[in-house]
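# Tertiary structure, described
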Amino acid sequence: GAIAVAALPNIARLDEPAERSKLARRLVGLTLIASTLVSLPLIVLAPLLIKLFFGTAFVPGANITRVTAVASISFATTRSLEAVLRGIGRPLAAGMAEFVALGATVVGLATLLPLFGLIGAAWASLAAYSVAGIWMAFRISSLIGIPVLSLLTVDREGLVLAWKRLRHARPPTAISP
C-alpha cells in the first residue's frame, strides 16, 4: 500500500518516458517482492498460527488462509499497477481494471462458491485480483513500452538502492504529547 501511494506522484512528476518506465518497474517489482516476503511465512505456517491463536477447531481453515495470503500478494501488486496507470495519466484504465475485477469476482463466486464453499470464494478472490493485475500489466506494457515480465521484476540497481534505503531507514520515534 505504501509503495502504491508513493507511485502516483513520483511517476507523474517525471517527464522522460525512460525514467517513468524504470520507476514503474522498480515500484511494481518491489511491491511484488515485499508482499511475497510478508505473505510467505503466513502461507507456510498457516496451520500452526491458526492453532496457536484460534485453537485446533479452526485448523481446517488453513488452506483458505493460504489462498487468501497468495491473493493478498496479487492485490498489493494490482494496487501498485493501478497507481502506475494513474501516474502515467491513464486513470480511466485503472478504473476499468476495477470493472474487470468485478466481473471476474461475480463469475468466480457464482461458479466456485457453490462447488467448493469458502475455499471457492478464496480462489475467486485470487482469480479476480490476478485477472485485473494481468489486464493492467498488459495495458502499462503497451503504454510505456516495456515487456510485462520486465514490469514485474526489479533491476539489480533498483534492488541495491532499495536495500541501502532499508538499511539506513530510521525507526519511527514516539510522538510527544
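Okay, so let's go over this structure.

About the criteria used
- Residues numbered from 1 in each chain as written.
- Predicted model: local features only at pLDDT ≥ 70, side-chain atom pairs only at ≥ 80, totals over all residues.
- Heavy atoms only, no water.
- Phe/Tyr/Trp six-rings, centres within 6.5 Å; stacked < 30°, edge-to-face > 60°.
- Buried < 20%, exposed > 50% of the residue type's maximum accessible area, 1.4 Å probe, protein only.
- Helix = DSSP H or I, 4+ residues; strand = E, 2+ residues; numbered from the N terminus.
- Expected span 1.5 Å × (residues − 1).
- Core = buried A, V, L, I, M, F, W, Y, C linked by side-chain atoms within 4.5 Å.
- Contact = heavy atoms within 4.5 Å.
- Salt bridge = Lys/Arg side-chain N within 4 Å of Asp/Glu carboxyl O.
- Patch = residues over 30% accessible without salt bridge, like charges linked within 9 Å, V, L, I, M, F, W, Y side chains within 5 Å.
- Areas by Shrake-Rupley, 256 points an atom, 1.4 Å probe, with all protein chains shown as cover.
- Axes fitted to C-alpha atoms, helices over the stretch in contact; angles between N-to-C directions.
- Parallel < 35°, antiparallel > 145°, perpendicular 65-115°, else oblique.
- Left-handed = near helix turned anticlockwise from the far one by under 90°.
- Nonpolar A, V, L, I, M, F, W, Y, C, P; charged D, E, K, R; others polar.
- Polar contact = N/O pair within 3.5 Å; in protein donor to acceptor, adjacent residues only side chain to side chain.

## What to know about the packing of aromatic side chains
The full count for this structure, using the stated rule, is two aromatic pairs. Centre to centre, the rings of Phe-54 and Phe-58 are 6.4 Å apart; their planes meet at 65°, and the pair counts as edge-to-face. With respect to class, Phe-54 is no different from Phe-58; both count as exposed.

## What about helix α3 (residues 62-87)?
With 26 residues, α3 ought to run about 38 Å at 1.5 Å a step, and its terminal C-alpha atoms sit 38 Å apart, in line with that. One or two residues past the end of α3 sits Gly-89, with phi positive at roughly 85°.

## Some remarks on the nonpolar core
In terms of nonpolar packing, the biggest core is built from 23 residues, with Ile-11, Leu-81, Leu-85, Ile-140 and Leu-151 touching the most fellow members. Those elements giving two or more residues to this core turn out to be α1 (2-12), α2 (17-54), α3, α4 (91-116), α5 (118-144) and α6 (148-151). Here the element with the most residues in this core is α5; it accounts for five residues. In contact with Leu-81, not counting residues within four places along its chain, are Val-28, Gly-133, Met-136, Ala-137, Ile-140 and Leu-151.

## Quick notes on the pattern of salt bridges
Overall, the coordinates contain five salt bridges when judged by the stated rule. For the salt bridge of Glu-157 with Arg-26, the shortest nitrogen-to-oxygen distance reads 3.4 Å. With Glu-157 in helix α7 (residues 156-167) and Arg-26 in helix α2, this pair connects stretches of sequence that are 131 residues apart. Across the salt bridge formed by Arg-79 and Glu-82, the nearest N and O atoms sit 2.5 Å from each other.

## Regarding a nonpolar patch on the surface
Taken together, Leu-92, Met-96, Phe-99, Leu-102, Val-106 and Trp-135 make up a surface patch of nonpolar side chains, about 630 Å² in accessible area. The element best represented in the nonpolar patch is α4, accounting for five residues. Here Leu-92 lies in helix α4. Residue Leu-92 is classed as exposed on the basis of its relative accessible area of 65%.

## A look at the packing of α4 against α5
Running from N to C, α4 and α5 cross one another at 155°; their axes reach a closest spacing of 7 Å. Considering the angle they form, α4 stands roughly antiparallel to α5. In the crossing of α4 with α5, the sense of the turn from one axis to the other is right-handed. Of the residues in α5, those in contact with Ala-93, Met-96, Ala-97, Val-100, Ala-101, Ala-104, Thr-105, Gly-108, Leu-109, Leu-112, Leu-113 and Phe-116 of α4 are Leu-118, Ile-119, Gly-120, Ala-121, Trp-123, Ala-124, Ala-128, Val-131, Ala-132, Trp-135, Met-136 and Arg-139. When its residues are assigned to classes, the contact of α4 with α5 shows 20 nonpolar, three polar and one charged.

## Here we look at the side chain of Asp-155
Mapped onto the secondary structure, Asp-155 falls in the loop between α6 and α7. For Asp-155, the side chain forms a polar contact with the side chain of Arg-26, separated by 3.1 Å. Apart from the residues within four sequence positions on either side, Asp-155 is in contact with Arg-25 and Arg-26.

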